[in-house]
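# Secondary and tertiary structure notes
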Amino acid sequence: MRHFLKVMDLSPQEVADLIAAAKANKGEHSDVLSGQSLGMIFAKPSTRTRVSFTVGVYELGGHLMFISEREMQLGRGETVEDTARVLSRYLDGVVIRTYSQADLDRYAAASTIPVINGLTDERHPCQALADLMTISELRDDLTNVKVVYLGDGNNVANSLANICAMMGMHIVVCTPPELEQPQWAMDEARELAEKNGGTTEFMTDPAVATRSADFLYTDVWFSMGQQRVPDKQKQLEPYRIDDELLANANPECKVMHCLPAHRGEEIAADVLDGPKSIVLQQAENRLHAQKELLKKLMSDAKA
Ligand code: CP
Ligand code: NVA
């Protein structure tokens, strides 16, 4: 059974094909998921992921059921494995947003239907697909693209680094020394880059990192489930994307954010709302990219 738990669950060629199809099929309404049901089990809030999957399934002729994890027996101690085995008897696919990637991996191991990662503390691979699609709408040759992520070394940074490295791009992840990505995430990105012709850099100086950047990317300083700690806020102040950091970048540089954003924290309001921002294109592309992912995983599983 094929799942999408992390970016590397698709090959570089499959990612390229998926993005090409997402661009070609924007606005498609079909019945490829007719008679199929997708479940969504979310333990954390969501706007984009929830709504884009809901609309995507509708546009492909399928049925969607959203279930908040706390309303399930999971919240009363039913095991992840029993839940996965039972839901596999009703549904044709499931999107899960939860805390630990290990729990998601356990769920997938027991599931006989495709499982899609709708965000964990460690990864956000659906976001990475939409990010790549957005970059590739603006740049034909990905091998010449420098993407710089600034801020907390979190789930979004990990999956962005995966996909950029895998697609042969130049990815720079710039974080405070205390908030760098976990070692496994840096190792993954390095290995993917080596294999696929990309380059990776991990650094702490935002003035150096942003030099000649084609895309500047940031995310919230406090992810879902994290406490707002004043020390962390202080460490991250120099990494805010504002006009000063943007001035170091390529004049054509675009600014990305997975949203939700905190204006005045990780990004200045006039940058997020300004002419270089492509955040709404990114958000829209969640829908287009995920429809192709659903087709690939759910209709392939039936074939
Ligand atoms: N970017 C993203 O995943 O947004 P939501 O948390 O609103 O789904
Ligand atoms: N890093 C953020 C991403 C939200 C889409 C979080 O996990 O809350």
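Just above, that's the structure.
Residues numbered from 1 in each chain as written. Chains lettered and ligands numbered in written order. Predicted model: local features only at pLDDT ≥ 70, side-chain atom pairs only at ≥ 80, totals over all residues. Heavy atoms only, no water.

## Here's the deal with the site of ligand 2
- Neighbouring ligand 2 are Leu119, Asn154, Asn155, Val156, Asp219, Val220, Ser223, Met224 and Leu259.
- Between ligand 2 and the protein, one listed contact pairs a nitrogen atom with a side-chain N or O atom of asparagine 155 at 2.8 Å.
- Within the contact set of ligand 2, a nitrogen atom lies 2.7 Å away from a side-chain nitrogen or oxygen of serine 223.
- Within the complex, 94% of the 270 Å² of free accessible area of ligand 2 lies under protein. (Near = heavy atom within 4 Å. Polar contact = N/O pair within 3.5 Å; in protein donor to acceptor, adjacent residues only side chain to side chain. Areas by Shrake-Rupley, 256 points an atom, 1.4 Å probe, with all protein chains shown as cover.)

## Re the packing of aromatic side chains
- This structure, assessed with the given rule, holds two aromatic pairs.
- Both rings, one in phenylalanine 42 and one in phenylalanine 66, keep their centres 5.4 Å apart while their planes meet at 65°; by these two values the pair is edge-to-face. On the criterion of sequence distance, the pair formed by phenylalanine 42 in strand β1 (residues 37–42) and phenylalanine 66 in strand β2 (residues 63–68) is long-range, its members being 24 residues apart.
- The class for phenylalanine 42 is buried, based on a relative accessible area of 3%. (Phe/Tyr/Trp six-rings, centres within 6.5 Å; stacked < 30°, edge-to-face > 60°. Helix = DSSP H or I, 4+ residues; strand = E, 2+ residues; numbered from the N terminus. Buried < 20%, exposed > 50% of the residue type's maximum accessible area, 1.4 Å probe, protein only.)

## Overview of the site of ligand 1
- Residues in close proximity to ligand 1 include Ser46, Thr47, Arg48, Thr49, Arg97, His124, Gln127, Cys258, Leu259 and Arg286, which together make up its full environment.
- With respect to ligand 1, the side chain of glutamine 127 contributes an N or O atom lying 3.0 Å from a nitrogen atom.
- Here cysteine 258 contributes a backbone N or O atom positioned 3.0 Å from a nitrogen atom of ligand 1.
- Burial of ligand 1 by the protein chains amounts to 96% of its free accessible area of 260 Å².
- Its residues assigned to classes, the shell around ligand 1 shows two nonpolar, five polar and three charged. (Nonpolar A, V, L, I, M, F, W, Y, C, P; charged D, E, K, R; others polar.)

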